[in-house]
Amino acid sequence: MQNNKEWQAAYSVIEQLEQAGFEAVIVGGAVRDALLDRPAHDVDVATNATPEEVKSIFQRTIDIGIQHGTVLVIVPTGPVEVTTYRTDGEYIDHRRPEKVQFVRSLQEDLQRRDFTMNAIAMRRDGSFVDYYGGGQDIEMRVIRAVGNAQERFTEDALRMLRAIRFSAQLDFTIEATTLTAIKNKAADIAFIARERIKAELDKLWVGNAVFGGIQKLEESGLTANLTGDFHAEQWRGFHTQDKLLGWAYFALLQGANWREVLREYRLSNKEMAFVQSVLSAYEALKEGWTNTHYFMYTTQELEAALYFAKLLQLDAQFPQQPIQELQAKLPIKHKQELVVNGADLLKWSGKKGGPWVKATLEDMLTAILHYELQNDRQQIRNWLEQHYSHEG
Ligand code: ATP
Ligand code: MG
């Protein structure tokens, strides 16, 4: 795991910083995930070099968060985020520190981090710097605030949601004092921007222990201050790798006003469209799916709707074959495959254009999908004459 490209790149950055006389370590999620034998997505480096010093050492750098001390360093093995050791001065609004202060001490940098498991540093020689017992907490699978939990959540209310998101992601428990502090400070989550909340929920939905996570969200009182109804009990057995499926399921649990709820979390139009399709497919399943549904929804949408229906034990006729097989057998798979178009209808009927053209094409498609008609010009023409002659 530590042999992958991201780690190689981080090691090479550390080596060069050390050669220039600075101290540098790997910090945060990558160290935690390495100890858990989980793949990490970002391998972040922290250093006592200031951002200016970092920029002077490497040929290629990009300022990505210079005000927080973060520089992206590009080495041949890849990009690495390098952040100067810092403390987070005074917090305002329970959100962000007013100003960060660069420091030369690793311990101070680790102290500002949220949880003990996220406050471990690793040196290039493989040794750990662990002032707050993070290694032991990882072994015991507990999430514990660094320092006084209540103070840490007062500084930054998002940390409460992070605690629960991590517990769902890693299937960890939350240490008692830390959990009590969440209960005490739950109302402060209202100070946090929706986008940041969404980013945490994105990760919660795909967690191994999402049901337990949502139970904790409810028990701690956080859901009372978050938009939407969470219905913890309904998440029992829910499991997905796809965060959008989490949002679709959350939407389903909202009932009629799901749109307003999802809008609050700033889902994109594309994401909303997917959710809309899944919910419509779910509704349609109550009456049973026909070829029309296998035609109009994607496999992914139908599979999501079917998964939700099974989870919620919907009283419905479930398809007896894999959805993909049913779709593969459709007599027509795309509208463009229709051998007759609107222009043909106008020419054959001699009538003026109007909404009837679209409606007729739809009827035609339905008839073909249900094997009442073949997708053949002559047959369709005959069928049109039979079906529409009486309308003159
Ligand atoms: P993930 O695997 O989800 O990325 P992560 O631990 O890497 O988890 P990040 O949000 O990428 O989480 O943050 C990187 C590190 O920065 C954390 O491990 C933690 O040390 C610190 N950190 C992040 N957010 C906060 C916060 N709100 N308060 C204190 N420290 C934080
Ligand atoms: Mg990370």
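Keep in mind it's a predicted model, so treat the numbers as computed, not measured. (Residues numbered from 1 in each chain as written. Chains lettered and ligands numbered in written order. Predicted model: local features only at pLDDT ≥ 70, side-chain atom pairs only at ≥ 80, totals over all residues. Heavy atoms only, no water.)

## A look at the site of ligand 1
Around ligand 1, a shell composed of 14 residues is seen, among which Arg 32, Asp 156, Arg 159, Arg 162 and Arg 165 lie nearest. Measuring from a nitrogen atom of ligand 1, one finds a side-chain N or O atom of Arg 159 at 2.7 Å. Within the side chain of Lys 203, one N or O atom sits 3.1 Å away from an oxygen atom of ligand 1. Relative to its unbound accessible surface of 590 Å², ligand 1 loses 82% to contact with the protein. For the shell around ligand 1, the secondary-structure elements that each account for two or more residues are α2 (29–35) and α7 (158–170). Per element, the largest residue contribution to the shell around ligand 1 is four residues, and it comes from α7. Residue composition of the shell around ligand 1, by class: one nonpolar, four polar and nine charged. (Near = heavy atom within 4 Å. Polar contact = N/O pair within 3.5 Å; in protein donor to acceptor, adjacent residues only side chain to side chain. Areas by Shrake-Rupley, 256 points an atom, 1.4 Å probe, with all protein chains shown as cover. Helix = DSSP H or I, 4+ residues; strand = E, 2+ residues; numbered from the N terminus. Nonpolar A, V, L, I, M, F, W, Y, C, P; charged D, E, K, R; others polar.)

## Side note on the domain arrangement of the chain
Looking at the chain, the domain boundaries give domain 1 (1–132), domain 2 (141–239), domain 3 (240–330) and domain 4 (335–391). One C-alpha centre belongs to domain 2, the other to domain 3, and the line joining them spans 27 Å. Domain 2 puts 20 residues into the contact, and the matching count from domain 3 is 21 residues. Of the roughly 1900 Å² buried where domain 2 meets domain 3, counting both sides, 62% is carbon and sulfur surface. Across the pair Arg 266 and Glu 195 runs a salt bridge, and its minimum N-O distance is 3.5 Å. Put simply, domain 2 and domain 3 have ten residue pairs in polar contact (both at pLDDT 80 or more) between them. Classifying every residue of the side of domain 2 that touches domain 3 by side-chain character gives eight nonpolar, six polar and six charged. (Domains from an automatic or database assignment. Contact = heavy atoms within 4.5 Å. Buried area = accessible area lost by both parts, 1.4 Å probe. Salt bridge = Lys/Arg side-chain N within 4 Å of Asp/Glu carboxyl O.)

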